[in-house]
Every structure is written in C-alpha cells, then in structure tokens.
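Given next are the chains, with one letter for each unit.
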Amino acid sequence: MRKTLFHMRYQASYAPIDTETYCYLRQASGLSPKTAEAAAAGLPRSVCTVVIRDPEQDAVVGMGRIIGDGACFCQIVDICVLPEHQKQGLGKLIMEKLMAFVAQSLPASCYISLIADGEAYRLYEQYGFREVYPRSRGMGLVKS
C-alpha cells in the first residue's frame, strides 16, 4: 500500500466500532441514519470492520464494513469519512484495508457486492467492482 502524507496522520485498523460512534459517523457523513438498537444488533455480526482514527483528535473519523455470511456472499457497506477529513484519501485507505481482508480471508468463490451512491462508483471501480446490469439488477427495500 502506498502511503500518502495524509495517510501518515491517520491510523487504519481492523477493530470493532461502538454503536454511538457508528450512528454518529453515518449521519454526520451523509449516510442514512440507523437507530442505536439496530446498530447494537448488527455491528457484532460484521465480517470485518475498518476504522480510521485521527490521533490528533483522539477520535474515529471514518469506517467501512463487510457484512454477510463470510464465505458465499458478502457486501461492503458503511464506507464513510467525516466531512472535515474527506479529500485526503481516507476512502481509498478504507477500501485498501477491506480488500486486503477479502484477499486474505474470504474464499475465492465469495461474491462481494456493494451499492454505490452518487459518484462513489468511481472509487469502487479502482478496486475491480463493475456494474452488473443488465445481467443482474440491484434492488432494495427499506423497512419503514
């Protein structure tokens, strides 16, 4: 992994994230909010969690997760960085750590998917992700 000067300020690690920080990061970075109850139930079931810490602020400023069964199907979710820390390569750093986990820990036949919002597909293309349409069509349901 090529480190930039920006990366040198931050620490990326495989580590669990607490529900309060998770909910805050999602909302503050523009992702849809999740309840504390949902986060408390879902986070322990993560296949892999990457956190980005800013030691200068002693705070978690970004995250990303892999969810799924850990063998046949997995999905990359929750890629986010607080706005004041964006444009410093941290999204790439998160993806590098997640993709290293994929390469080292998941079977070759595991299908890895993700949903790219807005222009985020440009980041994910750098890691080999491609649109699956028209062969497949991604769909979603938000329980309300």
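Residues numbered from 1 in each chain as written. Predicted model: local features only at pLDDT ≥ 70, side-chain atom pairs only at ≥ 80, totals over all residues. Heavy atoms only, no water.

1. A few points about a nonpolar patch on the surface
This is how the line gets drawn: Each patch is built from salt-bridge-free residues with over 30% relative accessible area, joining like charges within 9 Å and nonpolar side chains (Val, Leu, Ile, Met, Phe, Trp, Tyr) within 5 Å. Areas reported as accessible are Shrake-Rupley estimates using a 1.4 Å probe. Residue values count occlusion only from the protein chains shown. Between Lys or Arg on one side and Asp or Glu on the other, a salt bridge is scored when a side-chain nitrogen of the former is within 4 Å of a carboxyl oxygen of the latter. Secondary structure elements are defined from DSSP: runs of H or I of at least 4 residues count as helices, runs of E of at least 2 residues count as strands, and each element is numbered from the N terminus. Each residue is assigned to one of three classes by its accessible area relative to the maximum for its type, calculated with a 1.4 Å probe on protein chains only: buried under 20%, partly exposed between the two thresholds, exposed over 50%.
A cluster of nonpolar side chains, namely F73, Y111 and V132, defines an oily patch on the protein surface of about 280 Å² accessible area. Position of V132 relative to the elements: it lies in the segment after α5 (121-125). The exposure class of V132 is partly exposed, given its relative accessible area of 30%.

2. Description of helix α4 (residues 90-105)
Note the following rule: Multiplying 1.5 Å by the helix residue count minus one yields the expected span of that helix.
Compared with the 22 Å implied by 1.5 Å per residue over 16 residues, the 22 Å span of α4 between its first and last C-alpha is a close match. Of the residues making up α4, those classed as buried are L90, G91, L93, I94, M95, L98, F101 and V102.

3. Thoughts on the layout of surface pockets
This is how the line gets drawn: Using only the protein atoms, space was sampled on a 1 Å grid; points where a 1.4 Å probe fits but cannot get out form cavities, open sets with protein on both sides within 12 Å along at least five of seven lines form pockets, and lining residues are those with an atom within 4 Å of a point. Grid points are joined across faces, edges and corners, and a volume is the space filled by probe spheres set on the points. Throughout, the ten residues Ala, Val, Leu, Ile, Met, Phe, Trp, Tyr, Cys and Pro are labelled nonpolar, Asp, Glu, Lys and Arg are labelled charged, and all others, Gly among them, are labelled polar.
The calculated volume of the largest pocket comes to roughly 1500 Å³. Lining the largest pocket are 45 residues; nearest its centre among them are R26, L31, D78, I79 and D117. Among the elements of the structure, α2 (19-28), α3 (36-42), β3 (59-68), β4 (73-81), α4 and α5 are those that each provide at least two residues to the lining of the largest pocket. The leading source of residues in the lining of the largest pocket is β4, at seven residues. Looking at side-chain class alone, the lining of the largest pocket contains 21 nonpolar, 13 polar and eleven charged residues. The volume enclosed by the second largest pocket comes to roughly 550 Å³. Lining of the second largest pocket is provided by 19 residues; of these, L114, I115, R130, E131 and V132 occupy positions nearest its centre. For the lining of the second largest pocket, the elements supplying multiple residues, two or more each, are β5 (111-114) and α5. Here the lining of the second largest pocket gets four residues from one element, more than from any other, and that element is β5. For the lining of the second largest pocket, the per-class residue count stands at ten nonpolar, five polar and four charged.

4. Quick look at the pattern of salt bridges
Using the criterion set out here, one finds six salt bridges in the structure. A salt bridge links D58 to R53; the nearest nitrogen and oxygen atoms lie 3.3 Å apart. Judged by relative accessible area, which is 60%, D58 ranks as exposed. The exposure class assigned to R53 is partly exposed, which follows from its relative accessible area of 30%.

5. Structural notes on the sheet that holds β4
Here is the rule we go by: The pairing criterion for strands is at least two bridges between them, as found by DSSP. Lines fitted to C-alpha atoms define the axes, with helix axes restricted to the stretch in contact, and inter-axis angles between N-to-C directions lie between 0 and 180 degrees. The contact rule is simple, with two residues in contact once any of their heavy atoms fall within 4.5 Å.
Pairing is mixed across the open sheet formed by five strands, whose spatial order is β1-β2-β3-β4-β5. Either end of the sheet is taken by a strand with one partner, and the two such strands are β1 (11-14) and β5. Direction aside, the axes of adjacent strands within the sheet are offset by 20° on average. In this sheet, strand β2 (residues 48-54) lies alongside β1 in antiparallel orientation, the contact comprising four bridges. Across the sheet, residue Q11 finds its bridge partner in β2, namely R53. The strands touched by α2 within the sheet are β3 and β4, with β3 carrying the most contacts at an inclination of about 95°. In the packing of α4 onto the sheet, contacts are made with β1, β2, β3, β4 and β5, and the angle to β4 comes to roughly 160°.

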